[in-house]
Amino acid sequence: MEFSIKSGSPDKQRVGCVVVGVFENGKLSASAESLDKAAGGGIAELCKRGDMDGKAGSVLLLQKLHGVSADRVLLVGLGKEREISEKSYRDACKAAAKSLVGSQSSEAVVFLIETGPKKSSLAWRVRQWVLALEECAYRFDDFKHKNPPTPPKLNQVVLIVDPKNEHKEVEIALQQAMAIAEGQSLTRTLGNLPGNICTPTYLAEQAQKMAETFELKCQILEEADMAELGMGSLLSVAKGSAQPPKLIALSYRGGAKKSKPVVLVGKGITFDSGGISLKPGADMDEMKFDMCGAASVLGTMQAVARMALPINLTVIVPTCENMPSGRASKPGDIVTSMSGQTIEILNTDAEGRLILCDALTYAERFDPEVVIDVATLTGACIVALGAVACGLFSNNDALAKSLLDAGTEAHDRAWHMPLWDDYQELLKSNFADMANIGGRYAGSITAACFLARFTEKYTWAHLDIAGVSHKSGGEKGATGRPVPLLTHYLINKAGLLA
Ligand code: BES
Ligand code: MN
Ligand code: ZN
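Residues numbered from 1 in each chain as written. Chains lettered and ligands numbered in written order. Predicted model: local features only at pLDDT ≥ 70, side-chain atom pairs only at ≥ 80, totals over all residues. Heavy atoms only, no water.

Relative to the assigned elements, Thr314 resides in strand 11 (residues 312–322). Dropping the residues within four chain positions of it, Thr314 is found in contact with Leu250, Ser251, Pro261, Val262, Val263, Leu264, Met301 and Phe366. (Helix = DSSP H or I, 4+ residues; strand = E, 2+ residues; numbered from the N terminus. Contact = heavy atoms within 4.5 Å.)

Okay, the packing of helix 9 (residues 292–307) against helix 14 (residues 483–493) next. At a minimum axis distance of 9 Å, the contact between helix 9 and helix 14 shows a crossing angle of 40°. Comparing their axes, helix 14 and helix 9 come out oblique. Handedness of the helix 9/helix 14 crossing: right-handed. Between helix 9 and helix 14, the contacting residues are Ser296, Gly299, Thr300, Ala303, Val304 and Met307 on the first element and Val483, Leu486, Thr487, Leu490 and Ile491 on the second. Of the residues belonging to the contact of helix 9 with helix 14, the class tally is 7 nonpolar, 4 polar and no charged. (Axes fitted to C-alpha atoms, helices over the stretch in contact; angles between N-to-C directions. Parallel < 35°, antiparallel > 145°, perpendicular 65-115°, else oblique. Left-handed = near helix turned anticlockwise from the far one by under 90°. Nonpolar A, V, L, I, M, F, W, Y, C, P; charged D, E, K, R; others polar.)

Right, let's get into the sheet that holds strand 1 (residues 2–6). Backbone-to-backbone hydrogen bonds pair the strands of a sheet. The strands run either parallel or antiparallel. Ordered by their spatial adjacency, 6 strands build an open sheet running 1-6-5-2-4-3, and the pairing between neighbours is mixed. This sheet does not close on itself; its edge strands, each paired only once, are strand 1 and strand 3 (59–63). Direction aside, neighbouring strands of the sheet carry axes that sit 20° apart on average. Sheet topology places strand 2 (residues 17–22) next to strand 5 (residues 107–110); 3 bridges connect them, and they run parallel. Bridge pairing in strand 5 links Val18 to Val109. Against the sheet, helix 1 (residues 30–38) makes contact with strand 2 and strand 4 (72–77), and its axis sits at roughly 120° relative to strand 2, the strand it touches most. (Pairing = 2+ DSSP bridges.)

Take the coordination of the zinc ion (ligand 3) next. Of the protein atoms, only Lys267 (NZ), Asp272 (OD), Asp290 (OD) and Glu351 (OE) coordinate the zinc ion (ligand 3), at distances of 2.0 to 2.4 Å. In terms of primary sequence, the donors binding the zinc ion (ligand 3) are separated according to K-x4-D-x17-D-x60-E. In this structure, the zinc ion (ligand 3) lies 3.2 Å from the manganese ion (ligand 2), and both are coordinated by Asp272. (Donors = N, O, S within 2.8 Å, 3.2 Å for Na, K, Ca; no water.)

This next bit is on the packing of helix 5 (residues 167–192) against helix 14. Two quantities define a packed helix pair, namely the angle between the axes and the distance from one axis to the other. Their axes nearest at 9 Å, the elements helix 5 and helix 14 cross at an angle of 140°. The orientation of helix 5 relative to helix 14 falls into the category oblique. Of the two elements, helix 5 crosses helix 14, and the hand of that crossing is right-handed. For the pair helix 5 and helix 14, the contacting residues are Gln176, Ile180, Gly183, Gln184 and Thr187 in the first and Val483, Pro484, Thr487, His488 and Ile491 in the second. Residues of the contact of helix 5 with helix 14, tallied by class, amount to 4 nonpolar, 6 polar and no charged.

This paragraph deals with the packing of aromatic side chains. For the structure on display, the rule yields 5 aromatic pairs. Ring geometry for Tyr89 against Trp124: centres 5.7 Å apart, planes inclined by 40°, an arrangement best described as tilted. Taken together, the residues Tyr89 in helix 3 (residues 86–102) and Trp124 in helix 4 (residues 122–137) connect sequence positions 35 residues apart. Look at Tyr89 and you get buried, because its relative accessible area is 1%. (Phe/Tyr/Trp six-rings, centres within 6.5 Å; stacked < 30°, edge-to-face > 60°. Buried < 20%, exposed > 50% of the residue type's maximum accessible area, 1.4 Å probe, protein only.)

On to the coordination of the manganese ion (ligand 2). Those protein atoms acting as donors to the manganese ion (ligand 2) are Asp272 (OD), Asp349 (O), Asp349 (OD) and Glu351 (OE), and they sit at 2.1 to 2.2 Å. Coordination at the manganese ion (ligand 2) is irregular, judged from the 6 donor atoms that bind it and the angles of 70 to 168° they form at the metal. Sequence spacing of the donor residues for the manganese ion (ligand 2), all on one chain, is D-x76-D-x1-E. Relative accessible area serves as the criterion here: at 3%, Asp272 is assigned to the buried category. (Tetrahedral: all angles 85-135°; square planar, octahedral: opposite > 155°, others 65-115°.)

Turning our eyes to something else, we now look at unusual backbone geometry. The linkage connecting Arg481 with the following residue, Pro482, adopts the cis geometry, with an omega of 0°. Structurally, the position occupied by Pro482 is in the loop between strand 20 (477–478) and helix 14. Phi at Asp283 takes a positive value of approximately 60°, unusual for a residue other than glycine. For Ala308, which is not glycine, the phi dihedral falls at a positive 50°. With respect to the helices and strands, the residue Ala308 is situated in the loop between helix 9 and strand 11. Relative accessible area serves as the criterion here: at 52%, Ala308 is assigned to the exposed category.

Under the criterion given, the structure shown has 20 salt bridges. The closest approach of N and O atoms between Asp290 and Lys267, which form a salt bridge, is 3.2 Å. Placement of the pair is Asp290 in the loop between strand 10 (268–272) and helix 9 and Lys267 in the loop between strand 9 (262–266) and strand 10, with a sequence separation of 23 residues. Residue Asp290 shares its accessibility class with Lys267, and that shared class is buried. Its salt-bridge partner being Lys401, residue Asp405 comes within 2.7 Å of it at the nearest N-O pair. Within this pair, Asp405 and its partner Lys401 are both found in helix 12 (residues 397–410), separated by 4 residues, close to a single helical turn. In this structure Asp405 comes out as partly exposed when scored by relative accessible area, which is 33%. Through salt bridges with shared partners, a single network forms among Glu45, Arg49 and Asp51. (Salt bridge = Lys/Arg side-chain N within 4 Å of Asp/Glu carboxyl O.)

Geometry only, nothing functional implied.
Below is the structure:
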């Protein structure tokens with residue numbers, strides 16, 4: 001979809017659809033009013049009759065209004081004029097996006113940037129439109145050969161801004177939003193791909209492709225390289241599978257030569273059967289989403305490279321399958337991690353932390369300013385926070401605050417969870433330096449505590465995205481979260497949030 005910023009008046013647009021706002025109680029926005037004049041009062045009448053009540057998130061698509069150049073007019077409810085909140089504005093964007101993407105128009109002109117929540121900037125409003133439209137237009141149907149769904153027609157969207165307003169900031173916001181949407185859509189697609197296609201080798205190939213497109217540095221460690229580095233923990237997960245493991249490291253250098261990189265580490269389990277501690281069969285297909293951490297750091301890299309942000313960024317993806325077999329790790333096995341610490345594997349289904357700990361030790365060699373890992377790590381995090389917020393753990397409160405703020409700005413929220421030493425006791429093992437599980441309670445915290453033992457040398461945060469990375473049921477599919485949170489954090493870091 002192509003977006004542009006222009007100025008203009010609603011009745012003069014020779015396009016598929018003009019989008020204007022109306023408020024509760026039938027009041028028209030300025031642009032709706034000028035359309036209404038051109039149409040001889042037809043719109044005001046519809047609102048008065050109650051065909052359009054103006055409630056936030058309600059929409060009404062009108063065809064061929066006399067006196068209006070556009071083929072269609074989409075009325076979008078914004079709620080009470082004085083009380084437009086961020087939520088009601090977002091609801092309006094989503095409903096409008098759904099109606100536009102479902103319509104037959106290929107071009108739309110949106111007159112809703114000048115009206116919005118009191119405290120919001122034009123830049124913020126532009127982001128809401130771009131992200132809502134791209135999210136709605138996203139399709140994953142390459143595998144539907146019989147009756148493939150028709151793709152959306154909408155391919156041109158013009159966002160109208162008053163000519164007296166500063167266009168530069170709005171233009172920057174537009175470029176950023178398009179980059180974020182592109183990264184998020186890559187993340188969704190990698191997540192949605194089935195485990196027989198999206199293997200560790202496939203992820204490594206995608207990283208190499210991205211490196212070619214954006215001139216990034218790409219290193220792929222093979223099993224033998226990992227063995228040489230002593231990554232006994234990562235390899236203990238991979239060894240039950242016929243698919244070879246990979247460790248991907250992608251580096252983007254847009255910042256000063258001497259400035260230390262942000263390092264993002266993403267869990268890349270391309271299928272999590274549980275291993276010998278086999279998972280129950282119901283919904284096991286959803287464990288193809290267990291590489292959504294990897295997908296989100298790759299999507300973030302793509303967005304950052306597209307924006308050409310003036311920062312240095314490295315993305316590390318440890319990736320393998322977790323499978324049961326005669327060669328698989330067994331409960332009770334003891335392995336030695338790259339850090340030298342030994343781990344008793346009491347449950348082979350707690351494999352995410354086993355691959356992450358070696359990747360986190362490997363991250364040290366990039367001399368990071370901060371390291372943030374992103375992982376579909378625990379079912380316990382879903383129990384705690386559901387699908388609304390991801391779990392945030394950190395050894396640094398300033399970093400935690402930056403991530404929380406970025407999540408709020410992007411409406412891709414995280415919630416700060418404790419990492420107190422008291423919880424560390426739960427990881428005690430009778431036979432090794434630690435166990436890989438902490439027992440029944442505080443499951444997302446003990447998982448984070450495990451990782452904390454490998455991140456003492458740098459400033460670190462962990463995002464447990466098990467609840468937010470994908471949806472189940474009728475809407476089954478990857479969400480592309482937390483790409484918005486991560487990109488906002490990085491744009492802020494570069495001092496460039498419009
Ligand atoms: N990938 C799962 C966590 C998960 C569960 C993600 C459901 C998304 C939806 C992880 O590897 C896992 O199996 N964790 C175990 C840990 C337990 C054995 C300590 C869990 O949460 O049950
Ligand atoms: Mn598991
Ligand atoms: Zn897992």
